[in-house]
Amino acid sequence: MANQNQCNFTGRIGKLEIRYIPSNDIFIPFTTFSLAISKSRKDSNGQWIDETTWINCKAFKQIAEYIEKHAQKGTFVRVTAAYQENKWTDKSGQQRISPEFLVNNVEILGNRKETKPQESQGRTGIPTTNPIHQADFEDQDIPF
């Protein structure tokens, strides 16, 4: 049966952070980033209103490294991810749920700046083809 938990988004990366989590004797790259998804609509007066929704995304292993190496805040990407809920208890003891998306495919569509600031010398552009698929890699060390 095909995976029915699949979400597709196109938007710009906001906050981007990479960490390494220990697993046995190795460290696995783990990236969290927010993705801004925008849409426009007309209000009752006929004026266009832009609305932005922010979603939280997580990526592991090669996808995490690819995002960290080739993306930055403002990078325009297409993401395929699986939805999951992160359940937690806040300081007042109330149960909370926050949605998050586990990335299994990312494709860089464009960049506001063609290179990352630290890569501005020696690189001429960001790859915009060859999406990275999580299914291409082993997932035995992913902690979920």
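The following refers to the structure shown.

Calculation rules
In this numbering scheme, every chain counts its residues from 1 along its sequence in written order. Reporting of local features is limited, given that this is a predicted model, to residues whose pLDDT is at least 70; pairs of side-chain atoms are given and counted only at 80 or more, and all residues count toward the totals for whole chains, interfaces and linings. Calculated side-chain values reflect all of the structure's heavy atoms, with hydrogen atoms and water omitted. By definition, any uninterrupted DSSP run of H or I lasting at least four residues is a helix, any uninterrupted run of E lasting at least two residues is a strand, and each is numbered from the N terminus. Any pair of N or O atoms that falls within 3.5 Å is considered a polar contact. Within protein, one atom must be able to donate a hydrogen and the other to accept it, and sequence-neighbouring residues count only if both atoms are side-chain atoms. Note on exposure labels: buried denotes an accessible area under 20% of the residue type's maximum, exposed denotes more than 50%, and partly exposed covers the range between, all computed with a 1.4 Å probe on protein chains only. Contact definition: two residues touch when any of their heavy atoms are within 4.5 Å. Two cysteine sulfurs form a disulfide in these notes if their separation is within 2.5 Å. Using protein atoms alone on a 1 Å grid, points that fit a 1.4 Å probe yet trap it form a cavity, whereas open point sets bounded by protein on both sides within 12 Å along at least five of seven lines form a pocket; residues with an atom within 4 Å of a point count as lining. Grid points are joined across faces, edges and corners, and a volume is the space filled by probe spheres set on the points. Lys, Arg, Asp and Glu make up the charged group, whereas Ala, Val, Leu, Ile, Met, Phe, Trp, Tyr, Cys and Pro make up the nonpolar group; the residues left over, Gly among them, are polar. The criterion is simple. A nonpolar core is a set of buried Ala, Val, Leu, Ile, Met, Phe, Trp, Tyr and Cys residues joined through side-chain atoms within 4.5 Å.

A word on the side chain of Asp-90. Within the secondary structure layout, Asp-90 lies in the loop between strand E4 (76-89) and strand E5 (95-110). A distance of 2.9 Å separates a polar atom in the side chain of Asp-90 from a polar atom in the side chain of Ser-92.

With respect to the helices, strands and loops of the structure, Thr-31 is situated in strand E2 (residues 26-42). Overall, the relative accessible area of 0% leaves Thr-31 in the buried class. There is a polar contact of 3.2 Å between the side chain of Thr-31 and the backbone oxygen of Ala-64. Setting aside anything within four residues of it in sequence, one finds Thr-31 in contact with Leu-16, Glu-17, Ile-18, Cys-57, Lys-58, Ala-59, Ala-64 and Ile-67.

Glancing now at the state of the cysteines. Structurally, a disulfide amounts to a covalent bond that connects the sulfur atoms of two cysteines. Under the counting rule described, the total for this entry stands at 0 disulfides. Sulfur of Cys-7: no disulfide; nearest cysteine sulfur belongs to Cys-57 and is 9.6 Å away.

Once that is clear, we can look at the layout of surface pockets. In this structure, the second largest pocket occupies an estimated 180 Å³ of space. The wall of the second largest pocket is formed by Lys-15, Glu-17, Thr-32, Phe-33, Ser-34, Asn-56, Cys-57, Lys-58, Asn-86, Ser-98, Pro-99 and Glu-100. Secondary structure elements with two or more residues in the lining of the second largest pocket: strand E1 (7-23), E2, strand E3 (48-60) and E5. Grouping the constituent residues of the lining of the second largest pocket by class yields 3 nonpolar, 5 polar and 4 charged.

The next thing to look at is the environment of Lys-15. Positionally, Lys-15 belongs in strand E1. Distance in space between the C-alpha atoms of Lys-15 and Leu-35 is 8.0 Å, their sequence separation being 20 residues. Excluding residues within four positions of it along the chain, Lys-15 makes contact with Thr-32, Phe-33 and Ser-34.

A word on the nonpolar core. The biggest cluster of nonpolar side chains holds 21 residues, and the ones touching the most others in it are Leu-35, Ile-67, Val-79, Val-103 and Val-106. Broken down by secondary-structure element, the contributors of at least two residues to this core are E1, E2, E3, helix H1 (61-70), E4 and E5. With near-sequence residues (within four places) excluded, Val-79 lies in contact with Cys-7, Asn-8, Phe-9, Phe-33, Leu-35, Val-103, Asn-105 and Val-106.

Mapping Trp-54 onto the fold places it in strand E3. For Trp-54 and Ser-38, which are 16 residues apart along the polypeptide, the C-alpha to C-alpha distance reads 8.7 Å. In contact with Trp-54, not counting residues within four places along its chain, are Gly-14, Ser-34, Leu-35 and Ala-36.

What follows deals with unusual backbone geometry. A positive phi angle, close to 55 degrees, is found at Asn-24, a residue other than glycine. Here Asn-24 shows up in the loop between E1 and E2. Judged by its relative accessible area of 75%, Asn-24 is exposed. One non-glycine residue, Lys-61, adopts positive backbone phi at about 55 degrees. Of note, Lys-61 is situated in helix H1. Taking relative accessible area as the criterion, Lys-61 reaches 12% and is therefore assigned buried.

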